[in-house]
Amino acid sequence: MTVHFGVVSLGHVLGDPVDVASAAAGYTADVDRVLGWGYRTFHRAGDGVGLTDLAAEAGAKALGDAGVQPHEVDLVVLAMSDLSEHLYWDAAGATQAKIGAHRSENVLLTQACGGGVAAFDIVAGKFATHPGYSTALIIGANRVCEPYWNRMEINTSIFSDGAAAAVVKRDHPRNRWLTTEIISDGRYADFMMMDVGAAARPFAGQQDIGVKSPQKRLEEFFAGDIRKMFEFVSTIRTNNHEVVRRACDRVGTTPADLRKLLHLHDSVPAMTLLAKDLDHGPEWTNTEVAQALGHVGCADQLMSLEHYLAAGELTEGDVVALTSTASGMHWLCTLLAI
């Protein structure tokens, strides 16, 4: 069953802008490595501002732009890429309450940086099984949990706080969802895991708590096996472009026909390599937006889509790819027809 829906409006919110060059030394001793990623600015939310606060604000902006009242929303899909404010707590429910969308069903996605891309597939499925649903609100939100996550040392990108939202409507003719493709490989599920803090190893006053650096995780997860490390890195690269090709195949197009590829806000070297693997230059990606905003977790693709639509760089008939790599591991691609 084919479900037709499109993006009516988008909205976003960001924390306060911080200059990367000025702040880097406060986060890492390897400043040159961080500056080599090409980011100019990252965004940090004020103390006391939680993930659901950011999510609700972005959602309200998107609803306002669409002229949709909160009570008219049938489905809220909240994707988050870090911890929310509390444990044993439904962040999607809290976001629904803050927006005032009390009639909606709520779905929470925790596929890290891929949740905002995967959310389109969730909407397609819910619209297919619930004929009465006509309006959905997709929100991707990220608020770095700083006691456990170093913005500049946990990954090869600089993390920002913010949220982006999209109002989607059944049968809307513009920015139409075409397909979503996801590749998952659970062999690497433990790679991004924090060692303590849940049922297996509860917090017990440990002093050194946090997610480890990529190098430490590689060495420990693969027990120093260089061959397996290279295989993992190669798998990430291969699946990044393979998932795009699979999505294009499903709708009868090719990566060469895509107007733009809006990836997670990765570093300039990573974006350049991804574009090269798909026979394009880095300008085909959203590199410029990534440099200006930082990596806002699963909100990246919606923020970039809003930017290029507002700038007039995407016009009717264009097909764009929203893509991501997510711990778990997952590789994701959603295609939209502008």
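Rules used in this analysis
Residues numbered from 1 in each chain as written. Predicted model: local features only at pLDDT ≥ 70, side-chain atom pairs only at ≥ 80, totals over all residues. Heavy atoms only, no water. Helix = DSSP H or I, 4+ residues; strand = E, 2+ residues; numbered from the N terminus. Rg over C-alpha atoms; globule rule 2.2 N^0.38 Å. Buried < 20%, exposed > 50% of the residue type's maximum accessible area, 1.4 Å probe, protein only. Contact = heavy atoms within 4.5 Å. Areas by Shrake-Rupley, 256 points an atom, 1.4 Å probe, with all protein chains shown as cover. Lys, Arg positive; Asp, Glu negative; His and termini not counted. Charge placed at Lys NZ, Arg CZ, Asp CG, Glu CD. Polar contact = N/O pair within 3.5 Å; in protein donor to acceptor, adjacent residues only side chain to side chain. Core = buried A, V, L, I, M, F, W, Y, C linked by side-chain atoms within 4.5 Å.

A. Summary view of the overall build of the protein chain. Scanning the protein chain for helices and strands turns up ten helices and eleven strands. Radius of gyration (C-alpha) of the protein chain: 19 Å, near the 20 Å computed for a compact globule of 338 residues. Taken along its principal axes, the extent of the C-alpha atoms in the protein chain is 50 × 45 × 40 Å. Within the protein chain, the fraction of its 338 residues that count as buried is 53%. Long-range pairs, those at least 24 residues apart, make up 76% of the contacts in the protein chain between residues at least 6 apart in sequence. When the accessible surface of the protein chain is totalled, it reaches about 14,300 Å², and 52% of it is carbon and sulfur. Computed over 27 positive and 41 negative side-chain charges, the inter-centroid distance for the protein chain is 3 Å.

B. Examining helix α4 (residues 91-99) more closely. When you tally the buried positions in α4, you get seven out of nine residues, the bulk of the element. Listed as buried for α4 are Ala91, Ala92, Gly93, Ala94, Thr95, Gln96 and Ile99. Buried residues along α4 sit against α3 (51-66), β4 (75-80), β5 (105-109) and β6 (135-142). The opening residue of α4 is Asp90, an N-cap whose side-chain oxygen sits 3.0 Å from the backbone nitrogen of Ala92.

C. Summary view of the side chain of His265. Relative to the helices and strands, His265 resides in the loop between β9 (260-262) and α8 (268-277). By relative accessible area, His265 is classed as buried at 0%.

D. Looking closely at the environment of Val268. Here Val268 shows up in helix α8. In contact with Val268, not counting residues within four places along its chain, are Trp37, Gly38, Thr287 and Gln291.

E. Region of the structure containing the nonpolar core. Among the nonpolar cores identified, the biggest contains 41 residues, and Phe5, Phe120, Val123, Ile138, Val168 and Leu305 are the most heavily contacted of them. It is helix α5 (residues 115-129) that provides the largest number of residues to this core, a total of seven residues. Discounting residues that sit within four places of it in the chain, Val123 has contacts with Phe5, Leu75, Val77, Ala136, Ile138 and Val168. One finds Phe159, Met192, Met229 and Phe232 within the second-largest nonpolar core, a separate group that totals 28 residues.

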